[in-house]
Amino acid sequence: MVRAGITPDLLVRAAAELADEAGFEKVTVSALARRFGVKDASLYSHIRNLRDLRVRLALLASAEMNEAIGAAVAGRSGRDALVAFADAYRDYALAHPGRYAATQQRIELDEVADTAVFQRAVELTHGMLRAYGLAEPDLTDAGRLLRATFHGFIHLELSGGFAHPRPVATSWARSLDALHRVLEDWGNPT
């Protein structure tokens with residue numbers, strides 16, 4: 001029996017709030033059932049299992065990030081687009097650490113075959129990188145560099161890994177300047 005007022009969308013939004021409050025790893029069916037004051041079993045009429053819930057959470061978070069990044073890069077190119085893209089990415093991750101963590105889990109293509117969310121993320125990244133004159137396979141390689149750099153920096157920042165008194169924002173800006181120079185020279189290996 002479906003509990004009145006509970007929908008798959010409501011469950012995913014509650015999971016997103018829980019992830020940001022307590023951490024992505026704390027998102028469980030039991031934790032959500034407690035939030036709604038129901039038994040675990042009653043939620044399975046809305047989701048298949050915990051994996052389904054976590055994938056849906058990743059899709060929600062990715063869509064939110066795409067929206068923020070898309071708005072930030074609109075009408076920009078080159079260094080301006082890179083900085084806007086990176087700042088929107090980092091701002092989202094810092095404001096929504098649990099949701100951001102959901103986007104970092106491995107998701108198989110068959111789990112998201114009916115959605116365009118992840119394709120949109122690729123389009124935003126490639127669109128920004130094309131202003132540097134990149135084409136495949138360089139788009140993929142440069143996209144991986146950006147993701148690894150952004151994620152590594154953000155992960156360290158969220159975990160308190162930058163204890164030095166130098167402002168983290170200054171290091172972030174310097175990192176983006178370095179990435180810009182790397183992207184400008186991408187096609188000219190030495």
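Whatever comes next refers back to the structure up there.
Bear in mind that the values here come from a model prediction, so they are computed numbers and not experimental data.

> I tried to follow helix α4 (residues 50-73) on my own but got confused; where do I start?
Residues three or four positions apart in an α-helix share a direction because the helix packs 3.6 residues into each turn. Compared with an ideal rise of 1.5 Å per residue, which puts 24 residues at 34 Å, α4 spans 34 Å between its outermost C-alpha atoms and is within 8% of the ideal. The N-capping residue of α4, defined by a side-chain oxygen 3.1 Å from the backbone nitrogen of Arg51, is Asn49. In the stretch just after α4, Gly75 is the one whose phi turns positive, near 80 degrees.

> So what exactly am I meant to see when it comes to the packing of aromatic side chains here?
Here the distance between the centres and the angle between the planes together describe a pair of aromatic rings. The tally for this structure, following the rule as stated, stands at 6 aromatic pairs. Seen from their ring centres, Tyr89 and Tyr100 are 5.7 Å apart, and the 75 degrees between their planes marks the pair as edge-to-face. Of this pair, Tyr89 sits in helix α5 (residues 78-95) while Tyr100 sits in helix α6 (residues 97-103), and the two are 11 residues apart along the sequence. Between Tyr89 and Phe150 the ring centres are 5.3 Å apart and the planes differ by 55 degrees, which places this aromatic pair in the tilted class. With Tyr89 in helix α5 and Phe150 in helix α8 (residues 138-158), this pair connects stretches of sequence that are 61 residues apart. Among the residues examined, Tyr89 registers a relative accessible area of 9% and is labelled buried. Chaining the aromatic ring pairs together yields one cluster made of Phe85, Tyr89, Tyr100, Phe150, Phe153, Phe162 and Trp172. Against the face of Phe24 rests Arg54, its NZ or CZ located 4.9 Å from the ring centre.

> Which parts of the structure should I look at to understand the layout of surface pockets?
To find leftover empty space, a probe the size of one water molecule is rolled over the atoms. Empty space within the largest pocket amounts to approximately 1100 Å³. Taken together, 31 residues line the largest pocket, and the ones lying closest to its centre are Phe118, Ala121, Val122, Thr125 and Arg147. Secondary-structure elements contributing two or more residues to the lining of the largest pocket are α4, α5, α7 (117-130) and α8. Among the residues making up the lining of the largest pocket, the classes are represented as 15 nonpolar, 11 polar and 5 charged.

> What is the right way to look at the nonpolar core in this model?
In a soluble, globular protein the nonpolar side chains are often hidden away together inside. Of all hydrophobic cores here, the largest spans 30 residues; its most connected members are Leu129 and Phe150. Residue assignment for this core shows that the elements contributing at least two residues are α4, α5, α7, α8 and α9 (168-184). Setting aside residues no more than four positions away along its own chain, Phe150 makes contact with Leu82, Phe85, Ala86, Tyr89, Trp172, Leu176 and Leu179. Within the second largest apolar cluster, 27 residues are counted, among which are Val12, Val27, Leu60 and Ile107.

Conventions we followed
- Residues numbered from 1 in each chain as written.
- Predicted model: local features only at pLDDT ≥ 70, side-chain atom pairs only at ≥ 80, totals over all residues.
- Heavy atoms only, no water.
- Helix = DSSP H or I, 4+ residues; strand = E, 2+ residues; numbered from the N terminus.
- Expected span 1.5 Å × (residues − 1).
- Polar contact = N/O pair within 3.5 Å; in protein donor to acceptor, adjacent residues only side chain to side chain.
- Phe/Tyr/Trp six-rings, centres within 6.5 Å; stacked < 30°, edge-to-face > 60°.
- Buried < 20%, exposed > 50% of the residue type's maximum accessible area, 1.4 Å probe, protein only.
- Lys NZ or Arg CZ within 6 Å of the ring centre and 35° of its normal.
- 1 Å grid on protein atoms, 1.4 Å probe; cavity = no way out; pocket = protein on both sides within 12 Å on 5 of 7 lines; lining within 4 Å.
- Points joined across faces, edges and corners; volume = space filled by probe spheres on them.
- Nonpolar A, V, L, I, M, F, W, Y, C, P; charged D, E, K, R; others polar.
- Core = buried A, V, L, I, M, F, W, Y, C linked by side-chain atoms within 4.5 Å.
- Contact = heavy atoms within 4.5 Å.

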